[in-house]
Amino acid sequence: MVVSAANAAVNVNGQLFDREHAVISVFDHGFLYGEGVYETLRTYNGRPFLFDRHMHRLRTSARMIALPIPLTDAEFSTRCADTQRAAGLTGGEDREAYIRILVTRGIGALSYDPAVTPHPSVVVIVKPHVQLPESVYRSGVSAAIVSIVRNHPETVNPRIKSNNLLNCALAAQEAVRRDAFEGIMRNHRGELAECSTSNLFIVKNGQVLTPPLEAGLLPGLTRGLLFEIGAARGISVREATLLDADLFGADEAFLTSTTREIVPIVRVDDRPIASGAPGPVALALLEAFREQVHSGPRAANQL
Ligand code: PDD
């Protein structure tokens, strides 16, 4: 099947569909119970960025919910490539792909017993990557510290990149109601954790700080890359427990994610962060990040 160029294409358990015909059973436990894990990737020059790391995180998430992953990394890679081709999103201007890989518990009787669902479902959604306008990076965004608390790690651990996204969805809803670009969540101890779809960083006295994994958050791959970019460029990037006051007293703040890269946060709860303009460290890290992603196939995958 060929879907018209620059459209969405979906691979459901090995079969390609267009947006309208991609369906999954209501008896899939992904739908019934939110039981599943996922990854969001994007391409640069048509190649899924940090593919190996996404596969590794997918398998870690799956292990944490005792979900078998039925494909090898090579099979996932082929499925992504086939689906990208079907969508006409193989790289170049306006041809970069957003790729969402989902693995759910599969179809079975209405029971929590994993034995009733012997075959996990595997879905690959490919649609055009939507690039934030450059003006957003130049002007920065506003964020809100929301009242929704990030899941306690002993409930649904935020390290699991789970399809069960209600915690993040509720945080994002509150941010939307408050006209904020992102919602920042605290953890059960009242420390800052992460945003509804991204990780949080501040800069203080030249040090780049981000809440520790132990605070209960997703180990973002963009976050992880910033430790490496910082080390290579002589910028100190490290974990630190952060409270509201650290954010409001920061010299800079920014968020990171696969689809947004590094976005300066210039206001929080209607209070400016420092001068209320993007800071030099965030912009330097964004530039270094972009240099790295565009520096060839090695950077695009293995690192
Ligand atoms: N979101 N924290 C949460 C809760 C996230 O959902 C994400 C990613 C991140 C950043 O992780 P990474 O740098 O690996 O993208 C942090 C993706 C983009 C999503 O949900 O689509």
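Caption draft 1: Spotlight on the layout of surface pockets. By volume, the largest pocket amounts to about 720 Å³. Residue lining of the largest pocket: 40 residues in total, with Tyr38, Thr40, Lys161, Ser196 and Thr197 positioned closest to the centre. In terms of residue count, the dominant contributor to the lining of the largest pocket is helix 5 (residues 166-177) (four residues). Two domains each donate at least three residues to the lining of the largest pocket, and these are domain 1 (9-128) and domain 2 (134-293). In this structure, the second largest pocket spans a volume of roughly 310 Å³. Lining the second largest pocket are 15 residues, and of these Arg42, Asp94, Glu96, His129 and Gln131 sit closest to its centre. By residue class, the composition of the lining of the second largest pocket is two nonpolar, five polar and eight charged. When we break the lining of the second largest pocket down by domain, the ones giving at least three residues each are domain 1 (9-128) and domain 2 (134-293).

Caption draft 2: Representation of empty space enclosed by the protein within the structure. According to the stated counting rule, one finds two cavities of 30 Å³ or more in the structure shown. In this structure, the largest cavity spans a volume of roughly 50 Å³. What lines the largest cavity is simply Tyr44, Phe49, Leu50, His54, Leu221, Thr222, Leu225, Thr258 and Phe289. In terms of residue count, helix 6 (residues 221-233) provides more of the lining of the largest cavity than any other element does, three residues in total. Considering only residue class, the lining of the largest cavity consists of six nonpolar, three polar and no charged.

Caption draft 3: Structural detail: the site of the ligand. As a structural note, the neighbourhood of the ligand is formed by 21 residues, with Thr40, Glu194, Leu221, Thr222 and Thr258 the closest of them. Here an oxygen atom of the ligand and a side-chain polar atom of tyrosine 38 are 2.8 Å apart. Here an oxygen atom of the ligand and a backbone polar atom of leucine 221 are 2.8 Å apart. One can see that the ligand is located within the largest pocket. Broken down by secondary-structure element, the contributors of at least two residues to the shell around the ligand are strand 3 (36-44), strand 9 (192-195), helix 6 and strand 13 (252-257).

Caption draft 4: Highlighting the state of the cysteines. In the structure shown here, the tally under the stated rule is zero disulfides. With no disulfide of its own, cysteine 168 has cysteine 195 as its nearest cysteine by sulfur position, at a separation of 10 Å.

Caption draft 5: Region of interest: a nonpolar patch on the surface. On the surface, Val26, Phe27, Phe31, Ile107 and Leu110 cluster together into a nonpolar patch covering about 540 Å² of accessible area. Residue position: leucine 110 is located in the loop between strand 5 (97-104) and strand 6 (121-128).

Caption draft 6: Structural detail: the side chain of serine 121. The residue serine 121 is located in strand 6 in this model. Classification of serine 121 by relative accessible area gives buried; the value is 3%. At 2.5 Å, the side chain of serine 121 and the side chain of aspartate 28 are in polar contact. In this view, serine 121 contacts Asn13, Ile24, Asp28, Leu102, Val103, Thr104 and Gly106; residues no more than four positions away in its chain are not counted.

Caption draft 7: A look at the environment of phenylalanine 49. By the secondary structure assignment, phenylalanine 49 is in the loop between strand 4 (47-48) and helix 2 (51-64). Residue class for phenylalanine 49 comes out buried when judged on its relative accessible area of 6%. Sequence spacing of phenylalanine 49 and isoleucine 265 is 216 residues, and the spatial spacing of their C-alpha atoms is 24 Å.

Caption draft 8: Geometry of the side chain of asparagine 11. Relative to the elements of secondary structure, asparagine 11 occurs in strand 1 (residues 9-12). A distance of 2.8 Å separates a polar side-chain atom of asparagine 11 from the backbone nitrogen of glycine 14. Here glutamine 15 takes part through its backbone nitrogen, which lies 3.3 Å from a polar atom of the side chain of asparagine 11.

Calculation criteria
Residue numbers run consecutively from 1 along every chain, following the written order of its sequence. In keeping with the predicted nature of the model, local features appear solely for residues at pLDDT of at least 70, side-chain atom pairs appear and are counted solely at 80 or more, and the whole-chain, interface and lining totals rest on all residues. In computing side-chain properties, one takes all heavy atoms of the structure into account and sets aside hydrogens as well as water. Cavity: a set of points on a 1 Å grid over the protein atoms alone where a 1.4 Å probe fits but cannot get out. Pocket: an open set with protein on both sides within 12 Å along at least five of seven lines, its lining residues, like those of a cavity, having an atom within 4 Å of a point. Grid points are joined across faces, edges and corners, and a volume is the space filled by probe spheres set on the points. Every helix listed is a DSSP run of H or I at least four residues long, and every strand listed is a run of E at least two residues long, numbered separately from the N terminus. Those domain boundaries reflect an automatic or database domain assignment. Under the scheme applied here, ten amino acids are nonpolar (Ala, Val, Leu, Ile, Met, Phe, Trp, Tyr, Cys and Pro), four are charged (Asp, Glu, Lys and Arg), and all others, including Gly, are polar. Note on definitions. A residue lies near a molecule or strand when any single heavy atom of the residue is within 4 Å of it. Under this definition, polar contacts are N or O atom pairs within 3.5 Å; protein pairs additionally need one hydrogen-donor-capable and one acceptor-capable atom, and for neighbouring residues in sequence, both atoms have to be side-chain atoms. Criterion for pocket placement: a molecule counts as inside a cavity or pocket if more than half of its atoms are within 2 Å of its grid points. Any pair of cysteine sulfurs within 2.5 Å is marked as a disulfide. Residues with no salt bridge and a relative accessible area higher than 30% make up the patches, which join like charges within 9 Å and nonpolar side chains (Val, Leu, Ile, Met, Phe, Trp, Tyr) within 5 Å. Calculation of accessible area relied on Shrake-Rupley with a 1.4 Å probe; when residues are assessed, cover is drawn exclusively from the protein chains displayed. Here a salt bridge means any side-chain nitrogen of Lys or Arg lying within 4 Å of a carboxyl oxygen belonging to Asp or Glu. The cut-offs for exposure are 20% and 50% of the maximum accessible area for each residue type, with area from a 1.4 Å probe on protein chains only; residues under the lower value are buried, those over the upper are exposed, and the others partly exposed. Note on definitions: a residue-residue contact is assigned when non-hydrogen atoms from the two residues lie within 4.5 Å.

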